[in-house]
Every structure is written in C-alpha cells, then in structure tokens.
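Chain residues, written in single-letter form:
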Protein chains: 2
Amino acid sequence: MARNKHQRYGHPHLHTPNMDRLAARGVRFTRAYVQAPVCGASRMSTYTGRYVHSHGAGWNGVPLKVGEQTMGDHLRKAGMDCHLLGKTHMVPDVEGMERLGLSRDTVIGRRVSECGFDVVERDDGVNPEGPAGRYDYSAAQHYNAYLNARGYPGENPWHDHANSAIDGEGNVQSGWFLKNAAHPANIAEEDSETPYLTRRAMDFIAQAQGPWCCHLSFIKPHWPYIAPEPYASMYGPEHVLPPVRSNAEYENANRVLKTMMAGVIGSTFSKPEVRNTVIPTYMGLVKQCDDQLGVLLDWLEATGRMADTLIVLTADHGDFLGDHWLGEKMFFHDVSTRVPLIIVDPSAEADVTRGTVCDALVESIDLAPTFVDVAGGKIASHVLEGHSLLPILRGQATEPHRDFVICEVDFAGAIFSEALGASAHEAIGFMIADKRWKLIHFETGDPPILFDLENDPDELIDLGQSPDHTEIVAAMYAKLFAWARRPSQRTTLSPADFDAMRVKLRGVGVTIGIWDEAVLPPDATIKYRNRKAEPWQRLIRAKGA
Amino acid sequence: MARNKHQRYGHPHLHTPNMDRLAARGVRFTRAYVQAPVCGASRMSTYTGRYVHSHGAGWNGVPLKVGEQTMGDHLRKAGMDCHLLGKTHMVPDVEGMERLGLSRDTVIGRRVSECGFDVVERDDGVNPEGPAGRYDYSAAQHYNAYLNARGYPGENPWHDHANSAIDGEGNVQSGWFLKNAAHPANIAEEDSETPYLTRRAMDFIAQAQGPWCCHLSFIKPHWPYIAPEPYASMYGPEHVLPPVRSNAEYENANRVLKTMMAGVIGSTFSKPEVRNTVIPTYMGLVKQCDDQLGVLLDWLEATGRMADTLIVLTADHGDFLGDHWLGEKMFFHDVSTRVPLIIVDPSAEADVTRGTVCDALVESIDLAPTFVDVAGGKIASHVLEGHSLLPILRGQATEPHRDFVICEVDFAGAIFSEALGASAHEAIGFMIADKRWKLIHFETGDPPILFDLENDPDELIDLGQSPDHTEIVAAMYAKLFAWARRPSQRTTLSPADFDAMRVKLRGVGVTIGIWDEAVLPPDATIKYRNRKAEPWQRLIRAKGA
C-alpha cells in the first residue's frame, strides 16, 4: 500500500503483501482507535468490550476486577468457544477471586484469571529478570521449554536467545538495551516467537471443533527490540523515514507532554542513532509478522478454513519511535492510539465491501460485539459498550452509532507520574476525538491539548489554549462529560429488561399513591380487593368501623 | 427538638424523646444526604460505600452486580461480623452468580446474594400479590410464620393484618389504598413489624459473640401506610403541618419535575384529604419507631451494651407527602434526599462531641468506612468512596474531605419514564449540592434545576435558567464533570499499591528506552548484564561481531 498520512497505512520500503492480501479480501479501517495506548489496558478493553473507565484496569499490571464480563463469557453464551494463543498482559484479581471463593483449579476460576479465555498457550513475551526477581514467573514458560527442547540452553532462553544477541567473545548482548537492536537475535528464525506462535495457531485450528474464536496474539513488534536473521539485516538506516516532529512542537508543548518528551524514553528515542538502530529492527519484526501471516493464510486456504473464518488483524497500540519527541506509546497522538484494523468476513453478504476502505470512527471495543454478532448471539448492549461492525462489513451501514472515540491512560502506577508530580488520582488522562478534532485532558490541572486532525494531521500544533478554539474545546469537553456520565455499571439489566420492569410493579400488587382501588383497572387489582376476612380471623376493630 | 428549617429535625406535635436521647449522647448531622432517593439504590450505596454511578444498581429491583464489595466484605476483613435484620431491598445478580459458579448454598454465595450480610432475618416489608403473582416470594416469610403462630391466619397475614384494616362487615381494607390509612391495622401493636424486629434485634445481640455490626433495618414508616393502635389514633389532621410548596413552583416547574408533579402520585399527595389521612398515620409510625428505639436503648443500657456499641440512626430516604406537589421520594429536594443521621460513639474520645450538631456535608457512603474505622481496619479508599466520620465524632475534624454531595436516580425501570418519554439511557438524573447550591441534571436534554439552599431553603425557586446564575450552574456542572471522571472502577489496587508499582518494573528487569546498560545504576542492572554465554551455547553469530 502507498503511505497516506490520513490513512496511516503503507510504507515506501516495508512491504506487507500478506496484510495487503487481507485488505483486498476485507475492509480496511482507517480510523480505528484503541481504548488505551498501553498494552494491558488496551487489551482489557478489547477483551471486555468496555472502556477503561468502565473496567478500571488502566495500566499494565492492574488486575481486571472479578465480575467483569469478557469476550469469552459473551461468546460462550452464543455457543462459540474462545481461545488464547499468545499475549494478553492480563493480571487476575487474586483478592477478588479469594473473596468469591474462586480457585484457578476450576474451569470458571481459570477463565476469570485469564480474561475469559480458554488458554491454549499464554505467552506475554515479557520474561525479564532483575535484582528483585522475575517480572512474571509464568510468562513464556511453554516457549522456554520449547527452546530448551530445541537445544537452546539455560533457564530463560527467551532472553538469552530469542531476545539477545551474542558477540564474538560469547557475551550475551541483551535486547533490553537499544544499542543491541542492531544485532541479530541469537536464534534461528523458525524458533523465534512469531513463527512459533503461528505454528501453534495452525495446530490449534487443525484440531478445533465447533464454532471457535482464537485470539492469536503475536508479541512482536515490541521490546525487547531485536530480530533474528534474515529480518535483522533486512532494513537499515536508509529505510527509516524522518520523524514526525517539529522544534516548535517541543518548545510549545503542554506541561504533561513536555514532561514526557523530556523523560528518558522520549529523549532517547529522539536521538537519530537510536531511531536508526531500533526502527530497522522494528521494520524487520513487522516484516516477519507479515511473512508469518502469509504462512497462516496459505494454510487456511489449503485447509478450507479461509472460507469459513472471519479474520481480524489489529494491534493493541502503535509506537512513537521518535515521532513527537517521544518513544514507546503512552500518549494520545494517532501514531500511538490509531491502529491498523482489517477485517475479512468470508460470508457472501460481505462481498459488497471486499477490498474497500472505511473511514468510520471505530474502537477496539467494537470487536467483542462484532464477534458475538458473528456467533449469532444477542449483543448485551448494557455490558458491551462498542458496536458490531458487521453492518459495515456487509454494506448495510457506513458508521457505527457514535460521533467520537475515547482513549484513556492511567499513569498512577507509572514512574512518569513522579516526574509529573501527580498523585494516583491526578495521573489520569482522557482523549476524545472525532474526525476533525482531538481533545486531550489530564486530571493534573493542566490545560487541555487540542489537535485539528484535518488541517494538522501530524498533530504538531496544540490549539488547546487558542482563543479561536474555545468553543471547540468546550464542545469536546461537553461530549466527554456526557460520556463520563454514562451508566457503565448498569450491567445487570438490559434496556429491554427495564422496559419490562416499567409495567411490572402493578401486576404484582404494588400500588403506590392510589387513594382508592376504584381508580384501578380491574386487571391491575391486587388480590385483596373486596376480600372478606375469614370468619375466624381475629378482629381488631377499625376506628369508626 | 425544635423544628428548624435548616436543620430539618423536630416537629411541634411529633415528639421523639428516644431519638433525642441518642442526639444528646452523640452527634446529630444536619446535612446528611443519601446517594439515591429510592430505597434499593440508596441502600446499595450505603452497603457498598459507593455511588450509584459506581455500583450500577440505581433502582429497586436492579440486581447488584456480582463482584461489588460490601460493608460485610470490608468489615469481615477487619475482624468484625456483619448481620442483617430487616429490609435491604437487595436483588442478587443471579446471572452473574451463575457465570462465576456461585451457589446460594455456600456461605460466600449467600453473602453475595444478600449484599454481603449474614442474614439473621431478612424482611423487605413488601409482600404484595397481584394478578401477575407476588412481588417477592421470600420477603416477610419469617414474619408471616410468626404471625401465623400468633394466631393471625392466612397465607399472607403481613398483608391481611399488619398492613390492612378490617371493617365491621369483615372486609379487608387493604393498606395499599391510601384511604385506608386512617384505619388501624388489624393487628396487636406488639405483633406489628417494628416491635417484632426490635425484639429480634435484642435476641440477636444477646447471643452475639465477638465484634459485630448489626443492620437493624425497620420497614416503617413506609407504605403500605397503616399503623396499629394506639399509633393509628395518636395524630389527626390538626397535627399535620402545611405542605412546603407554592403555586409558582408548580407553574414554573422544569418539564421533568412538572411531569412528576402531574403524575398519579404527585397529584394524589397534593390533595388535602390525602395528606390529612396519610400523614397522621405516618407520624404514628414514626412515633412507634421512637418508642421501640426506647425499648432497645433501655435494653442496651440494662445489658451494658450501650457502653460498647456505636449506634447509628439514619434512613434510606425521606418522603415528600405532598411537599412540592409530590408524593413518595424519587426526586432531589432535601425533603427526600437529606436524611436524619445521629451517631453515638461510646468511646471516651467522643466525649468532646456529645450532644453536638454537625453541619458538615455527609453522605450515606460515609457509613461503611466509618464502621471499618471503628473495627480497626484499613479503609480501602480505592473501593469505598466515602470518608470515615470518626474524626468528626472524636472532635479531630469538622468536615470530611469533600465540597459537594451527589445523589442519583435511575428511572429506566420506572413507569414515570413513559410519561417523560425517556429511554433507558435518558431516564437518569444527578444531583450535586454543596451548602449553598443544588444543581439537578437529567439526561433527557431538559435544562438543569438550580436551588439556592441559603436564600431558598424550601427549594421553591428554580434558578436553573436564571441569567444571573449561569456561572453558578457552570461551576456546579464542572464539579459534577470532575466527579463523573473519577476512577471508580480502579478497585483492585490502592494508591499505595500504585506508588509501589511506580518503582517496581526496573527491579524485575524491564528497562524501557535504555540505550546502554552503562546508564543504569548498579542496583537496577538486569541479571543478564555483562553475562558470558555458557560455552555450549549455540552461537548464531551477530552481524559485525
């Protein structure tokens, strides 16, 4: 695909024929937003179909509270299983599970502690070790066992081989350090994470019975930024596009944004040597994903599964990689919050949209209701805050029912909050965007940031304090306010249940504010109307009776 | 107590010496607000310590979603049991319990289905029957069995005796019809609901071991409005105070308010004959509560429990009874949302505040954290949205940390929404008030209502569209907006957990945006720094190594 700033797809040097192949068969969405620019929070929204403000798990490592319903809960109710293969970054609410007596030794307990998925294999792809111990003792355990069996030694070959290089003197060059991104990972390509997970997916699909949903969750491209050969050498600094940034943007940055730009990550990724080292590797990792997607698609075609499988390609966030003087994700520019989304619906009804591009405002929370729709289930609109995309995929609609998207970040647990001087309650940010405007608000008391996405698609000019835009700012705030008031926790009854409830009381004899039974229609009469007491009833004589 | 419009306590004819006795020993709060003006929603807030917007059960009959933590959960963690005796109006989230495999046959399942209480006896006091069946088949079953044993016959003596009169011809005069409120209930006073529950409370306390919390939840005064003798005859129309209302108020009423005034309940209670019939009975029921409170207090004194029991007297809402051209509750005037609250802390530290009056802005959600504080537990401020009142009770503070109160109503399941033409998403109202102003907002698109509580304590003049008050309206909306954005679902980690998380990542080896290990301090070094590969490690030679 040709690079197009407004569509954010395509690259002059990095070609992705297999993603293009999906796009040619399906619908490519150009305005798909994640609900959080950080892995775990974004994924919790995708898996629950709910905003961060609704489920509360706004940062990596924040447990998803017990009771939250997941894609798996909704799909199983519709008769479809829901499986995981790869990363979720989910942390279970251990305290909540204990409170409710839920054990991971039961099917229900396992699902609750795994975001509602039946786990084929979980691999969060983050398996470091530091002076205080491991980040996560369960992540990548299957993959490490696989690597050991394949002859890669050590307790954590995920690190030593898949995510490190090695120099001529036998020194492990950890992929955790960006300078090592230029070197190839010390692993054969076929044993690296992406091909491994792809093979696991084919194994799973080959044996799967009945309707299934499989969340094949690749880890790369992601840190540690390191790729095996041939991908490590595939791209060089000459293939790196210039960063999207300006000096004025840095000088005029809002305090919150400036603090992030000035931090370690921002200033590191702002350096040409870092970009020229990391980005070619990142491109190699994307290319590897595309090649593995090709392997999977070929296999789906060969097995006939291509004809009856709906395929979604998307991401949990983007990566600044030096754009806007930032690295990583964790802020609200489109480069981080607007993600690729391609959906291939194999049904004949979707033939009318094949190969088309859709610029509707779409959110990650739309996926769960889309899947329920595919499964033929009833979409619980009082729980799922997104909208099914099937009407768009099948040419019956061009937009879901929304006029803005929301993205949130919760820095309460991030070291960034220290630099910002923000308490756990202040360290929260909201983004609200439509096709023209994007407003960013932090609870720190700083003024908002406003971008004009039409005239400044690169988001270089903050109009948050422009006197000409006070009405726009107010209008976007009003929409955010209405959104914040939504009854997101009213999840036990549906709108239809409430409609039924409106007429229920009288039928069961509750008559409020009725002076005399004579005013009631006969069919609303309570049982006791005109009732004679039984002769043997004790009479405590009424006053004046 | 003398009646004081600002303090809302006292009545020239209805004397409550036992409530006064509590006030003389404790602190009487003059600005205590409930979080919803309808029983069930108000109680769910009290029991969870959370706003309706946080727990979602905004109307009677809306199940409290599984996963919500309750007073009982918090107290048991602090080593105190939590028991129920009387009404809760709780509806369990049966679907959620099934999803998590929770059965009412287990202790945990029973607690989840009873708002976290260990049930001594539940009696919601609403046991009607209509053409569509019973409102609730479990309510009042113990009480009905008691009445049967005492010689009151029939399947539902709760209705036929405790809540109905009988005329000279043996006709049951149902208490559901207001005209019958003038007659005495066909029951001996000692067998009516309030004395029955009081005795059950004494029985419970007499046998209770260890630290306990007992929610003694009287049903009356509440519809069906009917009282046993002597309370039925204690007050007459001559003791009824004039309604608080004005013709201008009716004429100028906001559409939502006007619709409610014009409805069956409002127009019924606006009639003098209704007020003169119902209010004397309502007064009698209050008097009976006061007398039974006296029985309980005498018994607590005689048994020594008065010296080690913290006592709270409060209500789940008020009752318009014709004020503001309204009946029942369900709107946001003080008469409905501002409730009595008296707290007696027996500890010596509270001696400094005995018999004092406190005008702090207090909410029902403050009770749960107060109880946790009394139990010596750690208040989970990331779950409990209120504040402990112990500092006020012990003279260490005069206000909790807030500058407004919130009250909410959710009419989605109310027949009123039909008259209003409101969908389930529009039928929601918010009240935000400080000591001076009260703003009321509905999601129907109607303009807000604003009352000046200082200059118009009777809330007769709606300033919501006054050009002189646009800034006040905007300021109150801004506070409501900030409140609506609060991270109410971030309940799995405390602020202290987040502070610890801020420094955790590096300790476990996640180093993001680090070019070279040399920049890290030695104690943040990941395990793999300067590590030599084992001699037998397979080498895939690095580019350029």
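Here the structure is a predicted model, which means the values were calculated and not measured.

Chemist: What is the right way to read the relation of the copies chain B and chain A from this model?
Modeler: Superposing the two chain copies requires a rotation about an axis and a translation along that axis. Each copy of the sequence occupies a distinct position, and chain B is placed on chain A by a rotation of 180° and an axial shift of 0.0 Å, giving an RMSD of 0.0 Å. Such a turn and shift between the copies fits a two-fold axis. Minimal C-alpha separation from the rotation axis in chain B is found for B:Gly67, amounting to 2.4 Å. Interface overlap between copies: 99% of the residues of chain B at the interface are likewise at the interface in chain A, consistent with a symmetric, same-surface contact.

Chemist: Honestly, the side chain of A:Glu385 in this entry has me stumped. Any pointers?
Modeler: Residues and elements named next belong to chain A. Summarising the element assignment, glutamate 385 is placed in the loop between α15 (367-374) and α16 (390-393). Separated by 2.9 Å, the side chain of glutamate 385 and the backbone nitrogen of tyrosine 51 make a polar contact. Polar contacts involving the side chain of glutamate 385 include one to the side chain of arginine 486, which spans 2.8 Å. If sequence neighbours within four positions are ignored, glutamate 385 has contacts with Gly49, Arg50, Tyr51, Ser54, Ile365, Arg486 and Ser488.

Chemist: Would you take a moment to explain the nonpolar core for this structure?
Modeler: Within soluble globular proteins, side chains that are nonpolar tend to cluster in buried spots. Formed by 131 residues in total, the largest nonpolar core has its most connected members in A:Phe29, A:Trp59, A:Tyr143, A:Phe331, A:Leu341 and A:Phe411. Ranked by residue count, the leading element in this core is helix α13 (residues 272-303) of chain A, at 10 residues. With near-sequence residues (within four places) excluded, A:Phe29 lies in contact with A:Tyr9, A:Leu341, A:Ile343, A:Cys358, A:Val362, A:Leu389, A:Ile392 and A:Leu393. Core analysis: the second largest hydrophobic core is formed by 74 residues, B:Met80, B:Cys82, B:Phe371 and B:Ala412 among them.

Chemist: What is the right way to look at the packing of helix α9 (residues 193-207) of chain B against helix α13 (residues 272-303) of chain B in this model?
Modeler: A pair of packed helices is captured by two measures, namely the crossing angle of their axes and the spacing between those axes. Residue and element names in this part refer to chain B. The geometry of α9 relative to α13 is characterised by a closest axis approach of 9 Å and an angle of 20° between their N-to-C directions. The pairing of α9 with α13 is recorded here as roughly parallel in orientation. In this structure, α9 crosses over α13, and the sense of that crossing is right-handed. In this structure, α9 contributes Thr194, Pro195, Thr198, Met202, Ile205 and Ala206 to the contact, and α13 contributes Gln288, Cys289, Gln292, Val295, Leu296, Trp299 and Leu300. The residue inventory of the contact of α9 with α13, partitioned by class, reads 9 nonpolar, 4 polar and no charged.

Chemist: Quick question: what am I supposed to make of the confidence of the model for chain A here?
Modeler: In low-pLDDT segments, the atomic positions of the prediction should not be examined closely. All names here are of chain A. Per-residue confidence for chain A gives a mean pLDDT of 93, with 95% of residues at or over 70. Contacts of residues 1-6 to residues separated by more than four positions or lying in other chains number 22 contacts, the stretch itself having pLDDT below 50. Within the model, pLDDT remains below 50 along residues 541-545, and this stretch shows 14 contacts once partners closer than five positions in the same chain are excluded.

Chemist: Help me understand the interface of chain B and chain A, please; the structure alone is not making it clear to me.
Modeler: As a measure of interface size, the accessible area lost when the parts come together is often cited. Taken residue by residue, the interface counts 141 residues in chain B and 140 residues in chain A. Interface of chain B and chain A: buried area, both sides summed, is about 11900 Å²; carbon and sulfur atoms make up 59% of it. Where chain B meets chain A, there are 12 salt bridges. A salt bridge links A:Glu517 to B:Lys179, with the shortest nitrogen-to-oxygen separation between them at 3.4 Å. Along the contact surface separating chain B from chain A lie 40 residue pairs in polar contact (both at pLDDT 80 or more). Looking at the side of chain B that touches chain A residue by residue, the class counts come to 65 nonpolar, 38 polar and 38 charged.

Chemist: Is there a simple way to think about the pattern of salt bridges in this case?
Modeler: Oppositely charged side chains may form a pair once their charged atoms are brought near each other. Tallied over the full model, the rule gives 83 salt bridges over all chains. For A:Arg21, the salt bridge goes to A:Asp298, with nearest N and O atoms at 2.7 Å. You can see A:Arg21 sitting in helix α1 (residues 17-25) and its partner A:Asp298 sitting in helix α13, a full 277 residues away along the chain. Judged by relative accessible area, which is 43%, A:Asp298 ranks as partly exposed. A salt bridge links B:Lys435 to B:Asp359; its shortest N-O distance comes to 3.4 Å. With B:Lys435 in the loop between β14 (428-433) and β15 (437-442) and B:Asp359 in the loop between β11 (356-358) and β12 (362-363), the pair connects residues that are 76 residues apart, well separated along the chain. Owing to a relative accessible area of 25%, B:Lys435 belongs among the partly exposed residues under this scheme.

Chemist: What is the right way to look at the environment of A:Gly154 in this model?
Modeler: Residues and elements named next belong to chain A. Relative to the helices and strands, glycine 154 resides in the loop between α7 (141-149) and α8 (157-162). On the basis of relative accessible area, glycine 154 is assigned to the partly exposed category, the value being 23%. Sequence spacing of glycine 154 and asparagine 144 is 10 residues, and the spatial spacing of their C-alpha atoms is 9.0 Å.

Chemist: I would appreciate a short explanation of the packing of aromatic side chains in the present structure.
Modeler: Two aromatic rings are characterised by how far apart their centres lie and by the angle between their planes. Residue and element names in this part refer to chain A. Counted under the stated rule, the structure contains 39 aromatic pairs over all chains. Aromatic side chains tyrosine 51 and tryptophan 483 sit 5.3 Å apart centroid to centroid with 90° between the ring planes, which places their arrangement in the edge-to-face category. Residue tyrosine 51 is located in the loop between α2 (39-48) and α3 (52-55), and its partner tryptophan 483 is located in helix α18 (residues 470-484); the two are separated by 432 residues in the primary sequence. Tryptophan 483 shares its class with tyrosine 51; the two are buried. Taken together, the ring pairs connect Trp59, Phe331, Phe332, Phe411, Phe416 and Phe442 into an aromatic cluster. Above the face of the tryptophan 483 ring, arginine 486 is positioned so that its terminal group lies 4.1 Å from the ring centre.

Chemist: Would you mind showing me how to read the pairing of strand β2 (residues 81-86) of chain B here?
Modeler: Residues and elements named next belong to chain B. Within β2, 5 of the 6 residues are buried, which leaves it mostly tucked inside the rest of the structure. Sheet analysis places β2 next to strand β8 (residues 212-217), joined by 6 bridges and oriented parallel. Looking at β8, one finds that leucine 84 is bridged to histidine 215. Sheet topology places β2 next to strand β3 (residues 118-122); 4 bridges connect them, and they run parallel. For histidine 83, the partnering residue across the bridge sits in β3 and is aspartate 118.

Chemist: For this particular structure, what's the right way to read the sheet that holds β2(B)?
Modeler: All names here are of chain B. The strand order across the open sheet built from 3 strands is β3-β2-β8, with neighbouring strands paired in parallel fashion. In this open sheet, the two edge strands, each paired with only one partner strand, are β3 and β8. Strand-to-strand twist of the sheet, defined as the mean angle between neighbouring strand axes without regard to direction, takes the value 15°.

Reading guide: rules and limits
Residues numbered from 1 in each chain as written. Chains lettered and ligands numbered in written order. Predicted model: local features only at pLDDT ≥ 70, side-chain atom pairs only at ≥ 80, totals over all residues. Heavy atoms only, no water. Least-squares fit on C-alpha atoms with pLDDT ≥ 70 in both. Contact = heavy atoms within 4.5 Å. Helix = DSSP H or I, 4+ residues; strand = E, 2+ residues; numbered from the N terminus. Polar contact = N/O pair within 3.5 Å; in protein donor to acceptor, adjacent residues only side chain to side chain. Core = buried A, V, L, I, M, F, W, Y, C linked by side-chain atoms within 4.5 Å. Buried < 20%, exposed > 50% of the residue type's maximum accessible area, 1.4 Å probe, protein only. Axes fitted to C-alpha atoms, helices over the stretch in contact; angles between N-to-C directions. Parallel < 35°, antiparallel > 145°, perpendicular 65-115°, else oblique. Left-handed = near helix turned anticlockwise from the far one by under 90°. Nonpolar A, V, L, I, M, F, W, Y, C, P; charged D, E, K, R; others polar. pLDDT = per-residue confidence, 0-100. Buried area = accessible area lost by both parts, 1.4 Å probe. Salt bridge = Lys/Arg side-chain N within 4 Å of Asp/Glu carboxyl O. Phe/Tyr/Trp six-rings, centres within 6.5 Å; stacked < 30°, edge-to-face > 60°. Lys NZ or Arg CZ within 6 Å of the ring centre and 35° of its normal. Pairing = 2+ DSSP bridges.

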